[in-house]
Amino acid sequence: MDQLLPAPGFPGGTAVTGLRVYDWESTDGLCGGSPHLHTVSSEAYVVTGGTGEVHTISMGGVQELGLAAGSLVWFSPGTVHRLVNRGGLTLNVIMSNAGLPEAGDAVLTFPRRILQDPDLYAAHALLPRGAEESDVAAAARRRRDLALEGYAELHTSVLRDGTPALQEFHRAAARLVRPRVGHWTELWAANVQSQVLATEQALRELADGSAASLAGAAVASSEQRAGEGFGMCGRLTTWEDSRL
């Protein structure tokens, strides 16, 4: 008789999302999403269609990487990134630390005057809930344009002053997210640390010649949710399992 076992966690405590990058044109003539960074999580793009670029600002400087079907790009926390859509750009996004990006791990590149005020930042960063799709889209576009305003400031500062300008933005981002870190730690322990500890235990058991860790062998699947949400960079496709 088949055993009913707990569903396995998604590999490595990661999360996956489908993304159709915004095709809204901005004041600089480029179409795409909102520049931002992640304060804790690494991110990877697996390009599934279309063409575009990812513009980054990291401790290595300013960089632009072309994207096309089959491209794979990834970057660490603290890297400011902006997706540019040159035509039909779609991606699968893989994030480390499942649960933390959804809990506010990202900080948008708003102008300094907004970054310095947590309440003002939140007012501009949050999208309306329960509103008509057209209203949410309009709010997402306004948020994107405001992030681009601050991104232009940051880009100019980094080209002129080097990495100290990026480090200043890092400090502002750290101040903004500090109140959430306690909650993030709980999410990380449940979604990521638990998998690391399970692997550590399995290695000890295997070293002793035991197959006990394999007794939990199980399969899980998830259905794609209907419709799309509005993210920082584009329209999001997610799956029913909350861990994804």
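This text follows the structure it describes.
Residues numbered from 1 in each chain as written. Predicted model: local features only at pLDDT ≥ 70, side-chain atom pairs only at ≥ 80, totals over all residues. Heavy atoms only, no water.

1. Side note on unusual backbone geometry
One non-glycine residue, N97, adopts positive backbone phi at about 55 degrees. Judged by relative accessible area, N97 falls into the buried class, the value being 12%. (Buried < 20%, exposed > 50% of the residue type's maximum accessible area, 1.4 Å probe, protein only.)

2. Here's the deal with the packing of helix 3 (residues 133-161) against helix 4 (residues 163-177)
Axis angle and axis distance: for two packed helices, these are the angle between their axes and the distance between the axes, and together they describe the pair. In contact at an axis separation of 6 Å, helix 3 and helix 4 are set at 140 degrees when each is read in the N-to-C sense. Of the possible angle classes, the one that applies to helix 3 and helix 4 is oblique. Residue-level inspection shows L154, S157, V158 and D161 of helix 3 in contact with helix 4, the latter providing T163, P164, A165, L166 and F169. Looking at side-chain class alone, the contact of helix 3 with helix 4 contains six nonpolar, two polar and one charged residues. (Axes fitted to C-alpha atoms, helices over the stretch in contact; angles between N-to-C directions. Helix = DSSP H or I, 4+ residues; strand = E, 2+ residues; numbered from the N terminus. Parallel < 35°, antiparallel > 145°, perpendicular 65-115°, else oblique. Contact = heavy atoms within 4.5 Å. Nonpolar A, V, L, I, M, F, W, Y, C, P; charged D, E, K, R; others polar.)

3. Comments concerning the nonpolar core
Counting residues in each nonpolar core, the largest one holds 24 residues, and the members touching the most others are I57, V80, V107, F110, L115, Y121 and F169. Elements with a contribution of two residues or more to this core: strand 7 (106-108), helix 1 (112-115), helix 2 (118-125), helix 3 and helix 4. A per-element tally of this core places helix 4 first, with seven residues. Beyond its immediate sequence surroundings of up to four residues, I57 is in contact with V62, G78, T79, V80, Y151, L154, H155, V158 and L166. (Core = buried A, V, L, I, M, F, W, Y, C linked by side-chain atoms within 4.5 Å.)

4. Describing the pairing of strand 9 (residues 234-237)
For a regular strand, side chains alternate in direction, first toward one face of the sheet and then toward the other. Sheet topology places strand 1 (residues 15-21) next to strand 9; four bridges connect them, and they run antiparallel. Within strand 9, the position partnered with G18 by the bridge is T237. Inspection of the sheet shows strand 8 (residues 229-230) paired to strand 9 by two bridges, in the antiparallel sense. Paired with F230 across the strands is R235, a residue of strand 9. Two successive antiparallel strands, strand 8 and strand 9, enclose a turn made up of three residues. (Pairing = 2+ DSSP bridges.)

5. Some points on the side chain of T56
Mapped onto the elements of the fold, T56 is located in strand 3 (residues 43-58). Classification of T56 by relative accessible area gives buried; the value is 7%. Residue contacts for T56: discarding those within four places in its chain leaves G61, V62, Q63, T79, V80 and H81.

6. Quick notes on the pairing of strand 3
Here strand 3 pairs with strand 5 (residues 72-75) via four bridges, running antiparallel. Of the residues in strand 5, the one forming a bridge with A44 is W74. With 13 bridges joining them, strand 3 and strand 6 (residues 80-95) adopt antiparallel strand pairing. The residue bridging T51 from the neighbouring strand is G87, located in strand 6. Of the pairings in the sheet, the one linking strand 3 to strand 4 (residues 61-68) comprises eight bridges and is antiparallel in character. Bridge pairing in strand 4 places V54 opposite L65. Remark: two residues form the turn of the hairpin made by strand 3 and strand 4, two consecutive strands paired antiparallel.

7. Quick word on helix 5 (residues 181-207)
With 27 residues, helix 5 should reach 39 Å at 1.5 Å per residue; the first-to-last C-alpha distance of 36 Å fits that figure. The largest bend in helix 5 is about 45 degrees, located at A189. Structurally, helix 5 contributes buried residues whose contacts are with helix 4. Just downstream of helix 5, G209 is the residue with a positive phi angle, here 85 degrees. (Expected span 1.5 Å × (residues − 1). Bend = angle between axes of the 7 residues up to and from the residue.)

8. Re the pattern of salt bridges
A full pass over the atoms with the stated rule returns 10 salt bridges. The closest approach of N and O atoms between E228 and R20, which form a salt bridge, is 2.8 Å. Pair noted here: E228 is in the loop between helix 5 and strand 8 and R20 is in strand 1, with a separation of 208 residues, a long-range link. A relative accessible area of 39% places E228 in the partly exposed class. Connected through shared salt-bridge partners, R112, E153 and E168 make up one network. (Salt bridge = Lys/Arg side-chain N within 4 Å of Asp/Glu carboxyl O.)

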